[in-house]
Amino acid sequence: MDVVVIGAGLAGLSLAHGFQQSGARTMVVEQAPADRPQGNGLSLMPNGLTALHALGLGPQLEQLTRGHSPAGGGQRTPDGRWLYRLPARAVGSVRVVHRAELHAVLVQALVPGTVRFGVRATLVDPLTGQVQLQGPGIDDDPSGGGDEDPMVRADLVVCADGLRSRARAAIGSDPGIRYAGYGAWRGVTPAAVPGVEPSETWGRGLRFGLVPLPDNRVYWFAVRNGPPTATAQDAHREVLDLFGTWHDPIRRVVESTDAATITWSPIEELARPLTTLFRGVSVLVGDAAHAMTPNLGQGGNQGLEDAATLVRLLTRSAAGAPDRQVLAQLLARYDELRRPRTQRIARLSRQLGRIASTDQALLAIGRDALLRLTPTRAAAASIDALADWRPPDVGDGVVPPATRPTLSA
Ligand SMILES: Cc1cc2nc3c(=O)[nH]c(=O)nc-3n(C[C@H](O)[C@H](O)[C@H](O)COP(=O)(O)OP(=O)(O)OC[C@H]3O[C@@H](n4cnc5c(N)ncnc54)[C@H](O)[C@@H]3O)c2cc1C
């Protein structure tokens, strides 16, 4: 089977590895250059870790995290009081990684040359799997040269092109993107800051998170309600104006982070849930399928679940030429397995964001009082509820056609 993956993010790269392991000829096209900076952290939840193992990426993961999990964690008030604290065993199966390092490990796990950086793809026909490429060495390269045919045809096109997916519109109706009302600065300290406990601190319309990486550098995020753009040129100034009086070590970690590496992201999600994740031989995975707010730390993890599900469903077809009818059944099954779960998690994440981001004094007081009363076991159970996921067991790989809504486009 020939697979073209559009987008070398977490979802596209991990999926490409799974398909290569199953014997599919797989090419990944990525519009960005190979050396783009990706300077922040990412929490891999137990469900995402299960997916990575199912995709054959367990050894790479261990190499990256050295089995390191956060030492407990919990919720604090801006003056530093703990609202609740989780014991280390409650988060023992979570891993936190540096995105750039994860990305590099995922690229290295692929057959050399699999990812074509600097190449932009357009899904021309989702029914036939025709994709148009543009970039260095390709026939219509505007900078001249190149004799490679810009049109490629694949047995399966996986659209892993992220939040601003262009392929989404070709596969179904694209509802567009909605701004959540808050945005986040993110940074990683250049050196270890020993003794930092993972925590999230909620104020009014403001939140700050501290997450130690395996080598004790600290990944931090600072969330504020307001317009989707950051205003000041100087990220240090803007973050410290809002959070500089909050508990230790918030000021220290922000000040020690090189301002040029601090990034700002408006928090956005799909404006409405999609009505289908596939059309013909083309399928959506990751943020392209279900961009969600990061309040549950599940966006990337859900992309990993998508990847493991799709690879598992198609594993019997991967080594040969797929039967179109069987492929259609399997993509329908993927849609049936993935759409309800990802859309439910996106909804939960949005609801949690509303509570966490409230700037109403009374609501914030009530929220904190409730958190203070939350038994540790209940807080740990909320992590477990999402963690309980396994890739599908597909027996001989052929499943009966699923009932699904008709395609909207
Ligand atoms: C503040 C914040 C914190 C977060 N924290 C977490 C967390 O802790 N845990 C977690 O699981 N998730 C987290 N997320 C969500 C997570 O970052 C995303 O869900 C995840 O990165 C999406 O991966 P993806 O592969 O689907 O898309 P992306 O990473 O966006 O990759 C898509 C790729 O496609 C490429 N592309 C797009 N169009 C084309 C084209 N036409 N041709 C070629 N290439 C193309 C893009 O350049 C890009 O590289 C967070 C998000 C934010 C904003």
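The structure this text deals with has already been given above.
The notes below deal with the structure included here. (Residues numbered from 1 in each chain as written. Predicted model: local features only at pLDDT ≥ 70, side-chain atom pairs only at ≥ 80, totals over all residues. Heavy atoms only, no water.)

1. Description of the environment of Ala169
Phase 1 of the analysis: Mapping Ala169 onto the fold places it in helix α5 (residues 167-171).
Phase 2 of the analysis: For Ala169, a relative accessible area of 45% gives the class partly exposed.
Phase 3 of the analysis: For the pair Ala169 and Gly118, spaced 51 residues apart in the sequence, the C-alpha separation amounts to 22 Å. (Helix = DSSP H or I, 4+ residues; strand = E, 2+ residues; numbered from the N terminus. Buried < 20%, exposed > 50% of the residue type's maximum accessible area, 1.4 Å probe, protein only.)

2. What about the nonpolar core?
Phase 1 of the analysis: One finds Leu15, Phe19, Leu133, Leu156, Val158 and Leu310 to be the most contacted residues of the largest nonpolar core, which totals 72 residues.
Phase 2 of the analysis: Among the elements that line this core, the one with the most residues is helix α9 (residues 299-318), at eight residues.
Phase 3 of the analysis: Not counting residues up to four positions away in its chain, the partners in contact with Val158 are Val3, Val4, Val5, Ile6, Leu15, Phe19, Val283, Val285 and Leu310.
Phase 4 of the analysis: Val193, Trp220, Val239 and Trp246 belong to the second-largest nonpolar core, a separate cluster that totals 18 residues. (Core = buried A, V, L, I, M, F, W, Y, C linked by side-chain atoms within 4.5 Å. Contact = heavy atoms within 4.5 Å.)

3. Some thoughts on the side chain of Gln302
Phase 1 of the analysis: Relative to the elements of secondary structure, Gln302 occurs in helix α9.
Phase 2 of the analysis: Beyond its immediate sequence surroundings of up to four residues, Gln302 is in contact with Asn47, His290, Met292, Arg338, Arg341, Thr342 and Ile345.

4. Digging into the site of the ligand
Phase 1 of the analysis: Around the ligand, 28 residues are found, and the nearest of them are Glu30, Arg99, Ala121, Asp287 and Asn301.
Phase 2 of the analysis: In the model, a nitrogen atom of the ligand is placed 2.8 Å from a nitrogen or oxygen of the Ala121 main chain.
Phase 3 of the analysis: Protein chains bury 85% of the 1,000 Å² of accessible surface belonging to the ligand in isolation.
Phase 4 of the analysis: Listed by contribution, the elements that provide at least two residues to the shell around the ligand are α1 (10-22), β2 (25-30), β3 (41-44), β8 (120-125) and α9.
Phase 5 of the analysis: At three residues, α9 tops the list of elements feeding residues into the shell around the ligand.
Phase 6 of the analysis: Partitioning the shell around the ligand into residue classes produces ten nonpolar, eleven polar and seven charged. (Near = heavy atom within 4 Å. Polar contact = N/O pair within 3.5 Å; in protein donor to acceptor, adjacent residues only side chain to side chain. Areas by Shrake-Rupley, 256 points an atom, 1.4 Å probe, with all protein chains shown as cover. Nonpolar A, V, L, I, M, F, W, Y, C, P; charged D, E, K, R; others polar.)

5. A look at the sheet that holds strand β10 (residues 151-153)
Phase 1 of the analysis: Reading across the sheet, the three strands line up as β8-β9-β10 and stay open at both edges, with antiparallel pairing between neighbours. Here the strands that pair on one side only, and so sit at the sheet edges, are β8 and β10. Neighbour-to-neighbour, the strand axes of the sheet open up by a mean angle of 30 degrees, direction not taken into account.
Phase 2 of the analysis: Pairing analysis gives five bridges linking β8 to strand β9 (residues 130-134), with the strands arranged antiparallel. Paired with Asp125 across the two strands is Gln130, which belongs to β9. (Pairing = 2+ DSSP bridges. Axes fitted to C-alpha atoms, helices over the stretch in contact; angles between N-to-C directions.)

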